[in-house]
Amino acid sequence: MYDFALVFSLRHARREPPMALTREQIASIAALARLDLSSSEIPVYQDSLSRILDFVSALDRADTAGVAPMSHPLPGLSQRLRPDVVTEQDHHEQYQANAPQVAAGLYLVPKVIE
Amino acid sequence: MSGWETVIGLEIHAQLATRSKIFSGSATAYGAPPNAQANLVDLGYPGVLPVLNAEAVRMAVKLGLAINARIAAQSVFARKNYFYPDLPKGYQISQYELPIVAGGALDIVLDDGQVKRIGITRAHLEEDAGKSLHEGLPGVTGIDLNRAGTPLVEIVSEPHLRSAKEAVAYMKKVHTLVRYLEICDGNMQEGSFRCDANVSVRRSGALKFGTRAEIKNLNSFRFVERAINYEVTRQIDILESGRQVVQETRLYDPDKGETRSMRSKEEANDYRYFPDPDLLPVLLDEAFIASVRATLPELPDQKAARFATDYSLSAYDAGVLTASRELADYYEEVVRELPQEPKLAANWVMGELAAALNKENLEVGSGKLAPARLAGLLRRICDQTISGKIAKEVFETMWSGGASADAVIDAQGLRQITDTAAIERVIDEVMARNPAQLAEYRAGKDKLFGFFVGQVMKATAGKANPAQLNELLKKKLGG
Amino acid sequence: MSDWHTSTLTQLAAGLRARKFSSVELVRAFLDRIDASQAALNAFISVTREQALADAAAADRALAAGAGGALTGVPIAHKDIFCTQGVRTTCGSRMLDNFVSPYDATVVAKLKGAGAIMLGKTNMDEFAMGSSSETSFYGPVRNPWNPQLVPGGSSGGSAAAVAARLVPAATATDTGGSIRQPAALCGITGLKPTYGRVSRYGMIAFASSLDQGGVLTASAADAALMLREMAGFDANDSTSVDTPVPDYVAALEQPLAGLKVGLLREFFDQGLDAHNEQRVREALKLYQQLGARLTEVSLPNLPLSVPVYYVVAPAECSSNLARFDGVRFGYRCENPRDLTDLYRRSRGEGFGAEVKRRIMTGTYVLSAGYYDAYYLKAQRVRQLINADFTRAFGSVDVLMGPTTPTPAFAIGAKTSDPITMYLNDIYTIGANLAGLPAVSIPCGFVQELPVGLQIVGPHFSEARVLNAAHAFQRASDWHTRVPQGYA
C-alpha cells in the first residue's frame, strides 16, 4: 500500500518540531561525544538536531513487529577467521611521525589522574 | 559482621595466549619497547579494519566446553564506546548481547571441605586496551599501545560468592583451569590474569541485593581477599550509620590496604553498545566445536578424582597435586617410576619439592630436578638404603648439585646401617659410655630410651636403621 | 595531443599500449588542465605533480618493454578519502589537514598495481557527509556546467574532475548516494558496487555498513574497466566478499533484448522535478526501443529510507570518528589544559558543523533509553526495505528511475535546513541500505544542466547493470557531452 500521506509529510515536514531538545540535553550529548560547543552554538544544534529527530520519527509508523534488525546489508555471511600468525613488524617511528606529541616512543597526553 | 551477608560476583579478564592479537597480526609478546607492537589497526588509524583471530575463538570455545557452558552458534561483536587515551579507536570491540559462551559453572572446595558450585553467567571475547604510564613524566601521561588489541576472555560469575575466601577459591580455580587448557599463562604480574570484584552487602535473609561497588584491576589473590574484606567492612559501616552505599568504581591501594573511589571514571558512562558493522556474526558449527572438544585435556576436577581413586590419596592431597598441570604431570612421572609408593611420592612432591621450588621462585617445569631423579631417591628410602631423615639431606645435595641419589649416598657414605652386629657394637659402646643413664633407665626412667636412640644416631651420623635400632636397643637396655 | 581529454579511459589505455603517445606527455597534459581549472572548480585538494611524472616515466619504460597492466600509464585521481602512502589524506577536513598516510588503501594499491597514475586527491564533503561538496575545509567544489552551482556530494571533486575532463576517471565513495548523485549533477557515469565487492580497507570510514568504494568516469565501458581492477576479495576487510570478479568489460556487449526493467512507483513522486522526470521517461522509452520490457513495481517501505539512513549513518559515524582525538595523529588544539580539554577542543575545532551535527545525532540515537526507539527501529525498517527490493527483483532484472529529484542547485541554497539537503538522496539511499549495485548515467539536460538516470540491480549484478548502461550509451550521446570551457 503506497502511503502518499507518508511521502507528502516527509517533503513538507513541520518546521516547528514538537519534540525539542533542551540546552542541557545538547550539552550532555556534546560532552559524551567530546565536542566543545560554544554557548552560541548550542541553540543552533538544538534546532537542527530537533528537526532531524522529528524527521526520523516517521519510522514510528512502520510496523516492525517480528522483524529482525539488519546490521549487514548482505545477510547470511559469517565472519572469516584468520590464522594466528604474527605478520607485523615494528614501524613505530614511521607511524609516530604523524603524532602531535611523542617522547621515548610513548604518545603523550596531558596528565591523567586515576 | 553478624546479621550481614556479603554478595560477590567476579569478572575475570584472562589474556589469551595467542601469538598475534585478536584483530590484527601484531605480536602479543610481553615486554617489547613502547609501541613496537602496535600496528595501524591497533593504533586505530583512519581506514583500518579488524580481522578476527581463529585461535582466540578456539580458546574461548575451549573454555566454554570446560565449564559446561553453551557455545553460541552465532555470536556478535559489539562496540563499547568511550574516550580514554589507552583506547585508540574511542571504542573497545567486545561482545554484548550475544557472547560466544553463555552459562556454565565451576566447583570450588570450601574450608570445611564442602563443594560449592559457582555459576558463570557468560564468557566473551574482547580486545585489551593499551597502557597509561604516569611515572617519571611530569605533567603528561605516556601511552603505550603494545597491549591494545591483545585478546581477552572476560569470564563473568553469577553473584554466588559469599565471602572473600570463596572469591579467592573461585579465582584460583579459574586460574588453574585456564592454565590447564593452555589458553592463558596466568601471569598476574604481567597482567595476563586480572579480576574486577563486584561487592555488596545485605541484611541476612534479605531477598534484594544491596548496592554494589566495583573494585577494578585486582591482580593477586592476596589483594582480592584484602580488598573484598576492606570493602565489606566499609559498606557495613556506611549502612549501619544510616547512609547509602554509592554505586561506583573503586581501586584497591595495596600500600594503604584500602579501596578508594576512581574519580576519573566516576561520571556515568553510557557505552552506547551496538553491533560492530566491521565484523560479521561469528557462526560456529558442530564440526568446529567438536574439533575444539577433541583438544580438551583431562580437567583439574577429573584429574583430582582420578588421583584420589588410583593413588589412594585424600581429596585434599589430590587437590594440591592437581593445582597445576605441570605439578600433576610431574607427580605422575614419579609414580610411574615408583608405582608402589604413590603416597610417599605425594608427600615428597607436596613437601620437599614444593618447598625447594618456592624458595627459589621456580616453576615445576623449570627442570631443576627431573621426576626420575626424585623417584631414584624415594626408591632408596623404600629399599631401606637410607632413612627418610637422611633422604632429606640427600635431597638438598641433589637439588643444588644435580647428582643422582645413588651418587650422593655413595659420595657421602650415607648408606643406612642395617648390619645387626654393627648396630649392636655401637649400642654397646654407647651403653658403656653412659653408665649413669643406663642405671637410671634400668631403674625405671623410661624416658631415657630416647636419649640412647639419640646417642646411637649421633655415633652413626644418623645412619642406623631406626626400626632395627629400636628393636636391638630395647633388647640390650632391657638387660 | 590536445584531444586526449575527450578520449575515454579505454581509448587512452589502448593508445598507451600501442605506443601512440607516452604516459609522460599524457600526464603532463592532464596536470596542466588541473592547474588551469583549480581556481574555477576547486576539484583538487592535493596535486602530486612530481610523483605523477616520475610514475609516468616508469610506466613508459614498462610499456616500452612490452610489460604493463590494464591501466599502465593512465592518469586517474583518488577521492581524498582513500589513504595514499606518503601523500596527504585529508578527507576534506581540518582534522586531517596535516595527515600523511603511512599506507595505501587496498583500492589505491590495486589501481597502482594495474599501472594507473595518480595525479592527485580530489575535494569532497568533510568526512563524506554531504550532498553538495560544500562542507569541505578546503572550500566548495564548483560544478563545471555552471560554477555557481554545486557538483553534488560528497564525491563532488571527483565528479567535477571527470566532468571537466581533468582526469578520465576518479575513484569515489558512496554511502547514501555520494557517487551517483554527483554523477547525475555533473553529467557523467557513476558506479556504486555491491557492498563487499570493493575493499573498504584504507577508505576512511563514515558509515561502515553503507560505505562502498566506486568510480566516476565518462562512460559505463570505462567504469567496467576500472571496476574490474578495483574489485576483489581483501583479507584485510572482514566485510569483503570472496566471490570471483567477472570480466565486466567482456560482459558489456551482450545483447540487452528482453531485459526486464522495473520502474519504482515510489521514485516518481511529487518531489521529482517535472523536467527531470521528462528526461528520465525519454530515456526509458529508448530502453524500450532497445528491447527492454518495462513494468511498474512498488517498494512500499522505500520512502522511509531517508529516515532510516539518518539514524543508522550518524550512529555508525559517531563511533567511527571517535578515533580522531588529537592523540596519535591529526589535529590537536593548542595548549590543552587537561585530557578532556584536549578531546573537546581538538574535536570541536577540527570538525566542521555538519560532521558535528551527525556525530551528535548518532551519539543521541545510540544512547541509553533511545537505542531501541531509534537505532534498533531503523535497522528493522532497513530489513523491510531490503525485503521489498528482494521481492521486486523476483520479477524484474533491474530497477530504473531518476537519480536525483532536481538538477544541480546553487551553492549556499540548501545549507540552512539540514533536512532539505538530506532529501537530495531520496532516490539513492535505498541501494546503500540494501547493499545493491547501482549506476547513474547521463540521460539529458534540463535548462542546460545534466540529468541522471539510475539503474539498480540485485547483489553482484554489476555486469548486467553496466551492460544495460552501456547499451544506452551505444544508442545515445549524452555521456559524450563536455561542459563549455572544458571541451
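As the structure is a computational prediction, the values presented were derived from the model and not from experiment.

Caption draft 1: Geometry of the interface of chain C and chain A. Taken together, the contact pairs 75 residues of chain C with 57 residues of chain A. Carbon and sulfur atoms supply 68% of the area that chain C and chain A bury against each other, a total of about 6,000 Å² over both sides. Our count for the contact surface shared by chain C and chain A stands at two salt bridges. A salt bridge links K356(C) to E41(A); the shortest N-O distance between them is 3.6 Å. For the interface between chain C and chain A, the tally reads 15 residue pairs in polar contact (both at pLDDT 80 or more). If you tally residues by element for the side of chain C that touches chain A, the top one is helix α12 (residues 372–392) of chain C, at 11 residues. Considered class by class, the residues forming the side of chain C that touches chain A number 43 nonpolar, 17 polar and 15 charged.

Caption draft 2: The environment of T176(B), seen in detail. Residue and element names in this part refer to chain B. Secondary-structure assignment places T176 in helix α2 (residues 164–180). The buried category is assigned to T176, whose relative accessible area is 12%. Between the C-alpha atom of T176 and that of M457, which follows or precedes it by 281 residues, the distance is 44 Å. Contacts of T176, omitting those with residues within four sequence positions, involve P300, T322 and A323.

Caption draft 3: Examining the interface of chain B and chain C more closely. Contact with chain B, which involves 30 residues of that partner, is made by 36 residues of chain C. Between chain B and chain C, the buried area comes to about 2,700 Å², and carbon and sulfur atoms account for 60% of it. Of all residues in chain B, P46(B), L49(B) and F83(B) give up the largest surface area on contact with chain C, accounting jointly for 22% of the area buried on that side. Seen at the junction of chain B and chain C, the total is one salt bridge. At the boundary of chain B with chain C, the tally comes to 14 residue pairs in polar contact (both at pLDDT 80 or more). Elements supplying a minimum of two residues to the side of chain B that touches chain C: β5 (77–81) and β17 (274–275) of chain B. For the side of chain B that touches chain C, the residue count by class is 21 nonpolar, four polar and five charged.

Caption draft 4: Spotlight on unusual backbone geometry. The omega angle of the peptide bond from G153(C) to S154(C) is 10 degrees, so this bond is cis rather than trans. Summarising the element assignment, S154(C) is placed in the loop between β3 (117–122) and α5 (156–163). Positive phi is not limited to glycine here, since E182(B) has a value of about 60 degrees. Tracing the backbone shows E182(B) in the loop between α2 and β13 (193–203). For E182(B), a relative accessible area of 55% puts it in the exposed group. Despite not being glycine, F460(C) has its phi angle at roughly 60 degrees, a positive value. The residue F460(C) is located in the loop between β11 (449–456) and α15 (462–474) in this model.

Caption draft 5: Representation of the packing of helix α13 (residues 435–442) of chain B against helix α15 (residues 466–478) of chain B in the model. All names here are of chain B. Their axes nearest at 10 Å, the elements α13 and α15 cross at an angle of 85 degrees. Viewed along their axes, α13 and α15 adopt a mutual orientation that is roughly perpendicular. From α13, L438, Y441 and R442 reach across to α15, where they touch K476, L477 and G478. By residue class, the composition of the contact of α13 with α15 is three nonpolar, one polar and two charged.

Rules of the game
The residue numbers shown here count from 1 along each chain, following its written sequence. Starting at A for chains and at 1 for ligands, labels are handed out in the order in which the entities are written. Where totals are concerned, whole chains, interfaces and linings use all residues; where local detail is concerned, this predicted model gives features only for residues with pLDDT of at least 70, and gives and counts side-chain atom pairs only at 80 or more. As a rule here, side-chain values come from all non-hydrogen atoms in the structure, and water together with hydrogens is ignored. In this analysis, two residues are considered to be in contact whenever any of their non-hydrogen atoms come within 4.5 Å of each other. A simple way to read buried area is as the amount of 1.4 Å-probe accessible surface that goes missing from two parts once joined, with both sides added. Salt bridges, as used here, are contacts in which a Lys or Arg side-chain nitrogen is within 4 Å of a carboxyl oxygen on Asp or Glu. Counted as a polar contact is a pair of N or O atoms within 3.5 Å, where, for protein atoms, one must be capable of donating a hydrogen and the other of accepting one, and residues adjacent in sequence contribute only when both atoms are in side chains. Secondary structure follows DSSP: runs of H or I at least 4 residues long count as helices, runs of E at least 2 residues long count as strands, and numbering of each begins at the N terminus. Ten residue types, Ala, Val, Leu, Ile, Met, Phe, Trp, Tyr, Cys and Pro, are classed as nonpolar, four, Asp, Glu, Lys and Arg, as charged, and the remainder, Gly among them, as polar. Exposed residues in this analysis have more than 50% of their type's maximum accessible area, buried residues have under 20%, and partly exposed residues fall in between, with area computed by a 1.4 Å probe over protein chains only. Orientation is described by lines fitted to C-alpha atoms, with helices fitted over the stretch in contact, and by angles between N-to-C directions that extend from 0 to 180 degrees. Any angle that is under 35 degrees is reported as roughly parallel, and any over 145 degrees as roughly antiparallel; angles of 65 to 115 degrees are reported as roughly perpendicular and all others as oblique.

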